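# Architecture and fold: a report
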Amino acid sequence: MQASRARLFKEYKEVQREKAVDPDIQLVCDESNIFKWTALVKGPSETPYEGGVFQLAFSVPEQYPLQPPQVRFLTKIFHPNVHFKTGEICLDILKNAWSPAWTLQSVCRAIIALMAHPEPDSPLNCDSGNLLRSGDVRGYQSMARMYTRLAAMSKKG
């Protein structure tokens, strides 16, 4: 547990240094628990998520970095690889392709890449996956854009 705590402190310092370097990711450690983090990630440009800001919750195991963090979307998102109700994310690096070389920051980058390049063949959201698999890209983008507007964009007024 001491090694994981040291690693997380190191990542915390790096996040503080890199704030201006990566404006698409804002990673914050819980003040009372270094194993709990949240992130705000900007929706990638030229996707239905563009303009949205999505909140992620990280639960880091005591065996980190030997085991991956559990990450889920707190913001509702219409995406084939994200469970609509729980926010669970289907991403290989969070499961069987994890490596201790990954950091919380690089996990955020991988999630942004997944948002831009969905994998409809391993869906957690079958409605979203079915739209893409049947070739209805327009339908998928329309639904994704609608949920981005409803859940991930600030309400003006």
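Because the structure is a prediction, the values reported are computed rather than measured.

### Remarks on the packing of helix H3 (residues 126-133) against helix H4 (residues 137-151)
- Where H3 contacts H4, the two axes come as close as 7 Å, and the packing angle between them is 145 degrees. With respect to the hand of their crossing, H3 and H4 are arranged in left-handed fashion. For the pair H3 and H4, the contacting residues are Ser-128, Leu-131 and Leu-132 in the first and Val-137, Gly-139, Tyr-140 and Met-143 in the second.
- The class makeup of the residues in the contact of H3 with H4 is five nonpolar, two polar and no charged.

### Focus: the UniProt feature "active site" (unreviewed entry) in the protein chain
- Mapped onto the present numbering, the UniProt feature "active site" (unreviewed entry) falls at Cys-90.
- Mapped onto the elements of the fold, Cys-90 is located in the loop between strand E4 (70-73) and helix H2 (104-116).
- Once you skip the residues sitting within four places of it in the chain, Cys-90 turns out to touch Asn-81, Leu-114, Ser-122 and Leu-124.

The rules we used
Residues numbered from 1 in each chain as written. Predicted model: local features only at pLDDT ≥ 70, side-chain atom pairs only at ≥ 80, totals over all residues. Heavy atoms only, no water. Axes fitted to C-alpha atoms, helices over the stretch in contact; angles between N-to-C directions. Helix = DSSP H or I, 4+ residues; strand = E, 2+ residues; numbered from the N terminus. Left-handed = near helix turned anticlockwise from the far one by under 90°. Contact = heavy atoms within 4.5 Å. Nonpolar A, V, L, I, M, F, W, Y, C, P; charged D, E, K, R; others polar. UniProt positions renumbered as here; feature names shortened; annotations may be inferred.

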